[in-house]
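Here are the chains, one letter per residue:
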Amino acid sequence: MLEYDALRAHDFGSIVQTYTERDTMLYALGLGMGADPLDDGELCFVFEKNLQAVPTMATVIGSPGFFWRDGWTGADWVKLVHGEQHLQLYRTLPTAAAITARNRILSITDKGPGKGALVVIERELRLQATDELVARARMITFLRGDGGYSLHRGRSDQGPEQLPKVPDRDCDVEATLPTIERQALIYRLSGDYNTLHADPSVAKAAGFSRPILHGLCTYGMAVHGLLRTVCRYDASRIRRVAVRFTAPVLPGETVRFEYWDEGRGRYLFRATVDARAAVVLNNGLVELI
């Protein structure tokens, strides 16, 4: 059974991660950037000349690892899914740096027996050399098998604020991005080695016809689409990105991203795989400067 007190009190300690320009380029390649090697806009994310970091790379820095498998959590980790991802940037992400990360569990919400539980985990990233705040990332994890735990433990926090719905009108901007068959195998080299994204037997056991693309890869692709269509590939404009994961993408599928301009640098978005009529990202929000 989910151990509320142990999770809320757990000290993950400080994690120092040093990454290089090579890592920055590999992350962008994992998103599919550089598909057109003659496109100067994409080239500045995958080639050291005028290199920029894709802002969503902040989500793969300083992870505490898959601690849910550890017995002290009490979680039914097999039924865990990534529900939402939020990222707030306070400065442009460096193309190479040593980063100190601190992770903490902000809240655990019991949705009731058979309805699962929501866990909000926050990660703060700072430059090791100066202690300057770079970003805060929040992951909302949906523990599908742990609903009703508070009937025995007696503790449940208020749930996270809901993301806004996209408007019921045609979008203002659209971008269509392909994925390639081996994209999950490239993206996982940025740090997420979950075998669901590489091992066909594991994917089959989980109910998928083949290994699926990482949700955070589709998340990064959503920012790629906005960089292409709105930001003229200026990564420094991205300040906030939040989204709900609603369905997986299979490597090789084409994803269509729709963006709604709310004014003052605020965009709402969703993503679909039209070939399956599947909404894969929803309730997305981006804030620009």
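Keep in mind that what you see is a predicted model, and the values were worked out from it rather than measured.

J.: Please clarify how the overall build of the protein chain should be interpreted in this entry.
T.: Helices and strands together make up the secondary structure of the protein chain, namely seven helices and 10 strands. A compact globule built from 289 residues would reach a C-alpha radius of gyration of about 19 Å, and the protein chain, at 19 Å, matches this within 12%. In terms of principal-axis extent, the alpha carbons of the protein chain reach across some 60 × 45 × 40 Å. Evaluated residue by residue, the protein chain yields a buried proportion of 49% over its 289 residues. Long-range contacts, defined as pairs at least 24 residues apart, comprise 72% of the intrachain contacts of the protein chain with a sequence gap of at least 6. Of the accessible surface of the protein chain, which amounts to about 13,700 Å², a share of 48% is contributed by carbon and sulfur atoms. If you average the places of the 34 positive and of the 35 negative side-chain charges in the protein chain, the two averages end up 3 Å apart.

J.: Whenever I open this one, the side chain of threonine 73 confuses me. Can you help?
T.: Along the chain, threonine 73 falls in the loop between α3 (40-46) and β2 (80-89). Within the structure, threonine 73 has its side chain in polar contact with the backbone nitrogen of alanine 75 (distance 3.2 Å). Residue contacts for threonine 73: discarding those within four places in its chain leaves Met1, Leu2, Glu3, Leu7, Phe67 and Trp68.

J.: Help me out: how do you make sense of the pattern of salt bridges in this one?
T.: Between side chains of opposite charge, a pair can form when the charged atoms approach closely. Counting across every chain of the model gives 20 salt bridges. Where glutamate 122 meets arginine 138, a salt bridge forms, and the shortest distance between an N and an O atom there is 3.2 Å. Highlighted residues: glutamate 122 in strand β4 (residues 117-127) and arginine 138 in strand β5 (residues 133-143), separated in sequence by 16 residues. Exposure remark for glutamate 122: the relative accessible area of 8% places this residue in the buried category. Take arginine 138: its relative accessible area is 39%, and that puts it in the partly exposed class. Linking glutamate 253 and arginine 276 is a salt bridge whose minimum nitrogen-to-oxygen distance equals 2.6 Å.

J.: What is the right way to read the sheet that holds β4 from this model?
T.: In a beta sheet, neighbouring strands are held together by backbone hydrogen bonds and run either parallel or antiparallel to one another. Strand order across the open sheet formed by 10 strands is β1-β3-β4-β5-β2-β7-β10-β9-β8-β6, with antiparallel pairing between neighbours. Where the open sheet ends on each side, the last strands, each with one partner, are β1 (14-19) and β6 (173-178). For this sheet, the mean inter-axis angle between neighbouring strands, taken without regard to orientation, is 20°. Strand direction decides the pairing type here: strand β8 (residues 254-263) and strand β9 (residues 266-273), joined by seven bridges, are antiparallel. If you follow arginine 256 over to β9, its bridge partner there is threonine 272.

J.: Got a minute to help me understand the packing of aromatic side chains in this structure?
T.: How two aromatic rings sit relative to each other is set out by the distance from centre to centre and by the angle between their planes. Enumeration according to the criterion identifies eight aromatic pairs in this entry. With a centroid separation of 5.0 Å and an interplanar angle of 65°, the aromatic rings of phenylalanine 12 and phenylalanine 67 are classed as edge-to-face. Placement of the pair is phenylalanine 12 in the loop between α1 (4-9) and β1 and phenylalanine 67 in the loop between α3 and β2, with a sequence separation of 55 residues. Taking relative accessible area as the criterion, phenylalanine 12 reaches 15% and is therefore assigned buried.

J.: Help me understand unusual backbone geometry, please; the structure alone is not making it clear to me.
T.: Excluding glycine, residues mostly have negative phi values, and the peptide bonds linking residues are mostly trans. Phi is positive for asparagine 50, which is not a glycine, with a value near 60°. One non-glycine residue, arginine 264, lies in positive phi territory at about 55°. Looking at the secondary structure, you find arginine 264 in the loop between β8 and β9. Assessed through its relative accessible area of 89%, arginine 264 is described here as exposed.

J.: Any chance you could explain the nonpolar core here in plain terms?
T.: As a rule of thumb, nonpolar side chains are buried together in soluble globular proteins. Counting residues in hydrophobic clusters, the biggest one holds 60 residues, and the most contacted among them are Phe45, Ile238, Phe257 and Leu281. With residues near it in sequence (within four places) discarded, isoleucine 238 still touches Pro55, Leu89, Val223, Leu226, Leu227, Cys231, Val286, Glu287 and Leu288. Counting 14 residues, the second-largest nonpolar core is a separate cluster that includes Leu7, Trp68, Ile105 and Ile108.

J.: What's the story with the pairing of strand β10 (residues 278-288) in this structure? I'm lost.
T.: Residues in a regular strand project their side chains so that they alternate between the two faces of the sheet. Most of β10 sits out of view: eight of its 11 residues are buried. Of the pairings in the sheet, the one linking strand β7 (residues 238-245) to β10 comprises six bridges and is antiparallel in character. The partner of arginine 240 across the bridge, within β10, is glutamate 287. Relative to β10, β9 runs antiparallel, the two sharing seven bridges. Residue phenylalanine 269 lies in a different strand from β10, and its bridge partner there is glycine 284.

J.: Explanation requested: the state of the cysteines in the structure shown.
T.: What we call a disulfide is simply a covalent bond connecting the sulfur atoms of a pair of cysteines. A full pass over the atoms with the stated rule returns zero disulfides. Of all cysteine sulfurs in the structure, the one in cysteine 231 sits closest to cysteine 171, which takes part in no disulfide; the separation is 16 Å. Take cysteine 231: it sits in no disulfide, and the sulfur closest to it among the cysteines is that of cysteine 44, at 12 Å. With relative accessibility at 2%, the residue cysteine 231 sits in the buried group.

Reading the values: rules and limits
- Residues numbered from 1 in each chain as written.
- Predicted model: local features only at pLDDT ≥ 70, side-chain atom pairs only at ≥ 80, totals over all residues.
- Heavy atoms only, no water.
- Helix = DSSP H or I, 4+ residues; strand = E, 2+ residues; numbered from the N terminus.
- Rg over C-alpha atoms; globule rule 2.2 N^0.38 Å.
- Buried < 20%, exposed > 50% of the residue type's maximum accessible area, 1.4 Å probe, protein only.
- Contact = heavy atoms within 4.5 Å.
- Areas by Shrake-Rupley, 256 points an atom, 1.4 Å probe, with all protein chains shown as cover.
- Lys, Arg positive; Asp, Glu negative; His and termini not counted.
- Charge placed at Lys NZ, Arg CZ, Asp CG, Glu CD.
- Polar contact = N/O pair within 3.5 Å; in protein donor to acceptor, adjacent residues only side chain to side chain.
- Salt bridge = Lys/Arg side-chain N within 4 Å of Asp/Glu carboxyl O.
- Pairing = 2+ DSSP bridges.
- Axes fitted to C-alpha atoms, helices over the stretch in contact; angles between N-to-C directions.
- Phe/Tyr/Trp six-rings, centres within 6.5 Å; stacked < 30°, edge-to-face > 60°.
- Core = buried A, V, L, I, M, F, W, Y, C linked by side-chain atoms within 4.5 Å.
- Disulfide = S-S within 2.5 Å.

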